[in-house]
Amino acid sequence: MCGIIGITGGEETLDVLLEGLARLEYRGYDSAGLAVLPATDGGPLWRARAANGTRSLEDLVKRTEDAPPGSSTGIGHTRWATHGRPSEANAHPHVDCTGQLALVHNGIIENHLELSDELVLAGHHLESDTDTEVLAHLIESELGTHPEAGLVGAVRETLRRVRGYFAIAVIHSGEPDLIVAARRVSPLVMGLTETEAMLASDIPALLGRTRSFLLLEDDQIAELRPGSIRVTTLDGTEVIPPLRTVDYDLDAARKDGYPDYMSKEMHEQPMAVANTLLDRLLPDGTLALDEVRISDDELRSIDKVFIVACGSSYHAGLMAKYAIEHWARLPVEIDISSEFRYRDPVLDSRTLVIGVSQSGETVDTLQALREARRWNAKVLVISNVVDSSMTREADAVLYTRAGPEIGVASTKTHLAQITALEILALYLAQTRGTLYPHEAREFLDAMGALPDKVETALERAADVEVVATAYRASPSFIFLGRHVGYPVALEGALKLKELSYLWAEGFPAGELKHGPIAVVEPGTVVIGVATRTHLWEKMMANVAEVKSRGATVVLVANDGDEETERQADAVLWVPETHQLFSPIVDVVPLQLFAYSMARLHGLDVDRPRNLAKVVTVE
Ligand code: M6R
């Protein structure tokens, strides 16, 4: 889950690389580096690396005067450390023994230890603790044995020996106009203009330079030269990927006057929900999904649903389980992607597997969906990124239309995911005849009020900050909820721990008495989702249990609910809505709470430590 970038044919190579790396920083910011080739054959390549991410790299490059003038080919990398601690020595690009070849990599080389033993025996000198460096030396070795095959031939032979995932870009000072790129599972896109060819881990990194893109598929190798890209498979067969034009707006990825991306993105939530709902209801009463390659007959024959996802997307899936089971009367199993894939799940052609992923690139979910396809299950993907790996491989896609999310913590895409999943639940119910079309329409109409309710919840940001300030010294927090309030509690705890680094855990409120209540003592802060649902009384009984043990209780409650207020030390108010839609509104004060807490602790909300926005390693 690092970010890679490369360009050949440009005039301001260093600037393009630095700007692209800054946009890719959400993929990791443990360290950053770049390498550029000299304008003439055979000269030494120039490399700069910094241990503290792209800003330090930019400072370093600006301070240095020995960058080769006129370079038009270069590659860059921003790192999320897996093998080897964050340090300059472990930062990419990695070079070979000659210093003529440089390589950047996103992914994991699983057999790097055996490859590195072999290389050391053959006399190579490896300088880092990374799994990546072996690639540079293997390519060097191939070039030495078969110089006639050139850089692309050497990369091809090297990749045949590699187990694991990769998106790589390689340059060599003997071929100064060429970047060789390749991919297996880890994402890689390529852009083209008349005079340039470029690559990156995602499209926004190259926007502003081009709108014409090609996507590299698994086990394909690309040769990028100024104004041209040639793609072949690992066995050398040429392929012609379609050229796609994107119409994204780069401005959508800027902060628009907000202090950070997270607050901008939280305030875009009403729009994200509204856009995801937009035009879903067709004049004939049916629901419109994007890219449906599953027939209604096939949907009617489905007898089981699996939802697979990670992190916040998993919590959105958990919320949807209640809606699908209630409306469509289908049994739903939900699993964390990395568990699903290796537990031999029981699937067949009558199973619908729903993958939920903001990025559409999370490798755990991507591989879980591939496992599902192996069993002939139907795969439907909910994603925010058009043409991401998951959406390209799915039988059907329902896009969340939240716009680019840069902040590492999911906010607007999380709300859009719940919205999309609820739409899907209604579609399944209607197709399977468990809801009449007019009933599905009534629910969808009711969803139309959600953007305003989310807006109202956001307007309470200052009140939430007061509550956060009151409990800023607490070292730990317990989050409780029942029914759909349970995944809301899990999401509230995840947001708090990832942003403020405080210990926070979410529990089903009814489960507390089976063990976790032992940790409750006078002063423990418990945050409960106590909005009005059919389980409100039972929830309040659980609240009483922790209060009687001295806990301080903060409750998410519906506007004007004095009965709930009387049981709380502090209240986070939200408008009331239908129980199955309530997570979309109830999670908002918990996002705001985590945001305020992180700011009160002086932390960077957009770049929480140890995290990356897109996780492309297992
Ligand atoms: O791109 P995905 O939705 O597949 O990402 C899954 C998780 O990594 C992600 O939801 C993560 O938990 C959140 N960014 C945390 O806020």
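Source: prediction; values computed, not measured. (Residues numbered from 1 in each chain as written. Predicted model: local features only at pLDDT ≥ 70, side-chain atom pairs only at ≥ 80, totals over all residues. Heavy atoms only, no water.)

**As for the overall build of the chain**
Stage number 1. Within the chain one finds 20 helices and 26 strands.
Stage number 2. A principal-axis box enclosing the C-alpha atoms of the chain has dimensions of 80 × 55 × 45 Å.
Stage number 3. Counting all 618 residues of the chain, 61% fall into the buried class.
Stage number 4. Contacts in the chain between residues at least 24 apart in sequence constitute 72% of all its contacts with a sequence separation of at least 6.
Stage number 5. Total accessible area on the chain is roughly 23,100 Å²; 49% of this is exposed by carbon and sulfur atoms.
Stage number 6. Across the chain, the 57 positively charged side chains and the 91 negatively charged ones have centroids separated by 3 Å. (Helix = DSSP H or I, 4+ residues; strand = E, 2+ residues; numbered from the N terminus. Buried < 20%, exposed > 50% of the residue type's maximum accessible area, 1.4 Å probe, protein only. Contact = heavy atoms within 4.5 Å. Areas by Shrake-Rupley, 256 points an atom, 1.4 Å probe, with all protein chains shown as cover. Lys, Arg positive; Asp, Glu negative; His and termini not counted. Charge placed at Lys NZ, Arg CZ, Asp CG, Glu CD.)

**Details of the site of the ligand**
Stage number 1. The environment of the ligand is made up of 13 residues, and the closest members are Ser313, Ser357, Ser359, Thr362 and Glu498.
Stage number 2. Measuring from an oxygen atom of the ligand, one finds a side-chain N or O atom of threonine 362 at 2.4 Å.
Stage number 3. Contact with the protein chains removes 91% of the 410 Å² of surface that the ligand exposes when unbound.
Stage number 4. Of all the secondary structure elements, the ones that give two or more residues to the shell around the ligand are α9 (311-328) and α17 (485-500).
Stage number 5. Broken down by element, the residue count for the shell around the ligand peaks at three residues, all from α9. (Near = heavy atom within 4 Å. Polar contact = N/O pair within 3.5 Å; in protein donor to acceptor, adjacent residues only side chain to side chain.)

**With respect to the layout of surface pockets**
Over the atoms a probe the size of a water molecule is rolled, and this reveals where empty space is left.
Stage number 1. Here the second largest pocket is characterised by a volume of approximately 680 Å³.
Stage number 2. Forming the walls of the second largest pocket are 29 residues, and the residues nearest its centre are Gly311, Ser312, Leu611, Ala612 and Val615.
Stage number 3. Residue composition of the lining of the second largest pocket, grouped by class: 12 nonpolar, 10 polar and seven charged.
Stage number 4. Formed jointly, the lining of the second largest pocket draws a minimum of three residues from each of two domains, domain 2 (265-448) and domain 3 (455-600). (1 Å grid on protein atoms, 1.4 Å probe; cavity = no way out; pocket = protein on both sides within 12 Å on 5 of 7 lines; lining within 4 Å. Points joined across faces, edges and corners; volume = space filled by probe spheres on them. Nonpolar A, V, L, I, M, F, W, Y, C, P; charged D, E, K, R; others polar. Domains from an automatic or database assignment.)

**With respect to the pattern of salt bridges**
Stage number 1. Evaluation of the coordinates by the stated rule reveals 37 salt bridges.
Stage number 2. When the shortest N-O distance is used, the salt bridge between arginine 392 and glutamate 217 registers 3.1 Å. With arginine 392 in helix α12 (residues 389-393) and glutamate 217 in the loop between β11 (212-215) and β12 (220-225), this pair connects stretches of sequence that are 175 residues apart.
Stage number 3. For arginine 225, the salt bridge goes to glutamate 223, with nearest N and O atoms at 3.4 Å.
Stage number 4. A relative accessible area of 33% means that arginine 225 is categorised as partly exposed.
Stage number 5. Sharing partners across several salt bridges, the network here consists of Arg183, Asp218, Arg370 and Glu393. (Salt bridge = Lys/Arg side-chain N within 4 Å of Asp/Glu carboxyl O.)

**A word on the sheet that holds strand β8 (residues 179-184)**
Stage number 1. Pairing is antiparallel across the open sheet formed by seven strands, whose spatial order is β5-β6-β7-β8-β12-β13-β14. Here the strands that pair on one side only, and so sit at the sheet edges, are β5 (94-95) and β14 (238-239).
Stage number 2. Pairing geometry for strand β13 (residues 228-233) and β14, over two bridges, is antiparallel. Looking at the pairing, valine 231 lines up with valine 239 of β14. (Pairing = 2+ DSSP bridges.)

**Some words on helix α1 (residues 13-24)**
Stage number 1. Over its 12 residues, α1 runs 16 Å from end to end, which matches the ideal 16 Å to within 8%, given 1.5 Å per residue.
Stage number 2. Its buried side turned inward, α1 meets β1 (3-8), β2 (31-36), α2 (54-63) and β4 (73-79). (Expected span 1.5 Å × (residues − 1).)

**Description of the pairing of strand β22 (residues 476-481)**
Stage number 1. Taken across its six residues, β22 has five buried, putting it largely inside the fold.
Stage number 2. Note that β22 and strand β23 (residues 503-508) share six bridges and pair parallel. Bridge pairing links glycine 481 to proline 508 in β23.
Stage number 3. Read as a crossover between parallel neighbours, the route from β22 over α17 to β23 is right-handed.
Stage number 4. By the bridge criterion, four bridges tie β22 to strand β24 (residues 525-529) in an arrangement that is parallel. The residue of β24 that forms the bridge with leucine 480 is glycine 528. (Right-handed = clockwise from strand over helix to strand, strands pointing away.)

**Description of the environment of arginine 79**
Stage number 1. Within the element layout of this structure, arginine 79 appears in strand β4.
Stage number 2. Under the relative-accessibility criterion, arginine 79 is labelled buried at 3%.
Stage number 3. Of the polar contacts made by the side chain of arginine 79, one reaches the backbone oxygen of glycine 84; its length is 2.7 Å.

**Quick notes on the side chain of aspartate 364**
Stage number 1. Looking at where aspartate 364 falls in the secondary structure, it is placed in helix α11 (residues 363-374).
Stage number 2. Here aspartate 364 occupies a buried position and makes no salt bridge, while the nearest side chain of opposite charge, arginine 341, is found at 6.0 Å.
Stage number 3. The residues contacting aspartate 364, other than those within four sequence positions of it, are Cys310, Ser337, Ser338, Val617 and Glu618.

**Section: the domain arrangement of the chain**
Stage number 1. Per the domain assignment, the segments making up the chain are domain 1 (3-254), domain 2 (265-448) and domain 3 (455-600).
Stage number 2. If you average the C-alpha positions of domain 2 and of domain 3, the two centres end up 27 Å apart.
Stage number 3. Between domain 2 and domain 3, the residue contacts involve 25 residues of the former and 23 residues of the latter.
Stage number 4. Taking both sides of the interface into account, the surface hidden between domain 2 and domain 3 amounts to around 2,100 Å²; carbon and sulfur atoms contribute 76%.
Stage number 5. Summed over the three residues of domain 2 that lose the most area to domain 3, namely Met266, Met319 and Tyr322, the buried surface amounts to 28% of that side.
Stage number 6. Counting across the domain 2 and domain 3 interface gives zero salt bridges.
Stage number 7. On the surface where domain 2 and domain 3 come into contact, there are six residue pairs in polar contact (both at pLDDT 80 or more).
Stage number 8. For the side of domain 2 that touches domain 3, the elements supplying multiple residues, two or more each, are α6 (261-267), α7 (269-277), α9, α13 (412-432) and α14 (437-447). (Buried area = accessible area lost by both parts, 1.4 Å probe.)

**Describing the packing of α7 against helix α15 (residues 450-459)**
Stage number 1. At a minimum axis distance of 8 Å, the contact between α7 and α15 shows a crossing angle of 170°. The angle between α7 and α15 places the two elements in the roughly antiparallel class. Counting all contacts with α7, which are made through Gln269, Pro270, Val273, Ala274 and Leu277, the residues of α15 involved are Leu450, Pro451, Val454, Glu455 and Leu458.
Stage number 2. The residue makeup of the contact of α7 with α15, split by class, is eight nonpolar, one polar and one charged. (Axes fitted to C-alpha atoms, helices over the stretch in contact; angles between N-to-C directions. Parallel < 35°, antiparallel > 145°, perpendicular 65-115°, else oblique.)

**Structural notes on the packing of aromatic side chains**
Stage number 1. Scanning the entire structure with this criterion turns up four aromatic pairs.
Stage number 2. Seen from their ring centres, phenylalanine 477 and phenylalanine 593 are 5.8 Å apart, and the 80° between their planes marks the pair as edge-to-face. One end of the pair, phenylalanine 477, is in strand β22; the other, phenylalanine 593, is in helix α20 (residues 582-600), and 116 residues separate them in sequence.
Stage number 3. Using a relative accessible area of 0% as the deciding quantity, one classes phenylalanine 477 as buried.
Stage number 4. Look at phenylalanine 593 and you get buried, because its relative accessible area is 0%.
Stage number 5. Taken together through their ring pairs, the aromatic side chains of Trp327, Phe443 and Phe581 make up a single cluster.
Stage number 6. Above the face of the tyrosine 501 ring, arginine 609 is positioned so that its terminal group lies 4.0 Å from the ring centre. (Phe/Tyr/Trp six-rings, centres within 6.5 Å; stacked < 30°, edge-to-face > 60°. Lys NZ or Arg CZ within 6 Å of the ring centre and 35° of its normal.)

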